[in-house]
Amino acid sequence: MTSDKLASAFALERRSPFLARDLVEFCYRLPIEHKIGDPAAGKRILRDAAKALGLPREVWGSRDKLGFASPVPSWLTGPLEPWATAQISSALDQAPRSLRPLLAGGLKPGGRFDRTRMQSLMAAAWFNDQPVETAA
């Protein structure tokens, strides 16, 4: 699922306001010292503007990023893990050699945002839905 579909499903507005043409052109014209002070801090001009507006430190001093990520990968390694493993393993037993690396990748542990298990599960669902042809 994409973040656009997730946002739509929950009636959320998801925009990229910093890609507005006027803003992008303005930012290109800014001197470099206004853009990058400490690369690790990032978004210097936005932080400076928030500070100048008197916003609390929690707003302009935070480095935490909270994306709108799909919960599906954590479900597939959490409560749905036995089911997902069974689906992938079932397909892996009968899959052609070329499909096996993709399926096997879904059985390995991944990180929080790793989509390998989800991709393997989709491939397994597709493969399990196909009629098995045997050589005569």
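Just so you know, these numbers come straight off a predicted model, no measurement behind them.

Draft legend 1. Seen up close, the overall build of the protein chain. Within the protein chain, the regular secondary structure consists of 9 helices and 0 strands. In sequence order, the protein chain lays out its α and β elements as α-α-α-α-α-α-α-α-α. Relative to its 136 residues, the protein chain shows a buried fraction of 18%. Of the contacts formed within the protein chain by residues at least 6 apart in sequence, a portion of 45% connects residues at least 24 apart. As presented, the protein chain carries roughly 10,800 Å² of accessible surface, and 59% of it is formed by carbon and sulfur atoms.

Draft legend 2. Structural context of the nonpolar core. Leu76, Leu99 and Leu103 are the most contacted members of the largest nonpolar core, which totals 13 residues. Broken down by secondary-structure element, the contributors of at least two residues to this core are helix H6 (72–76), helix H7 (81–94) and helix H9 (116–129). Once residues lying within four places of it in the same chain are set aside, the contact partners of Leu99 are Ala123, Trp126 and Phe127.

Draft legend 3. A look at a nonpolar patch on the surface. A cluster of nonpolar side chains, namely Phe18, Leu23, Phe26, Ile45 and Leu46, defines an oily patch on the protein surface of about 430 Å² accessible area. Sorting the residues of the nonpolar patch by element identifies helix H2 (21–29) and helix H4 (44–52) as the ones contributing at least two each. Relative to the helices and strands, Phe26 is located in helix H2. Residue classification places Phe26 among the partly exposed positions, given a relative accessible area of 39%.

Conventions adopted
- Residues numbered from 1 in each chain as written.
- Predicted model: local features only at pLDDT ≥ 70, side-chain atom pairs only at ≥ 80, totals over all residues.
- Heavy atoms only, no water.
- Helix = DSSP H or I, 4+ residues; strand = E, 2+ residues; numbered from the N terminus.
- Buried < 20%, exposed > 50% of the residue type's maximum accessible area, 1.4 Å probe, protein only.
- Contact = heavy atoms within 4.5 Å.
- Areas by Shrake-Rupley, 256 points an atom, 1.4 Å probe, with all protein chains shown as cover.
- Core = buried A, V, L, I, M, F, W, Y, C linked by side-chain atoms within 4.5 Å.
- Patch = residues over 30% accessible without salt bridge, like charges linked within 9 Å, V, L, I, M, F, W, Y side chains within 5 Å.
- Salt bridge = Lys/Arg side-chain N within 4 Å of Asp/Glu carboxyl O.

Function-wise, these values are silent; they only describe arrangement.
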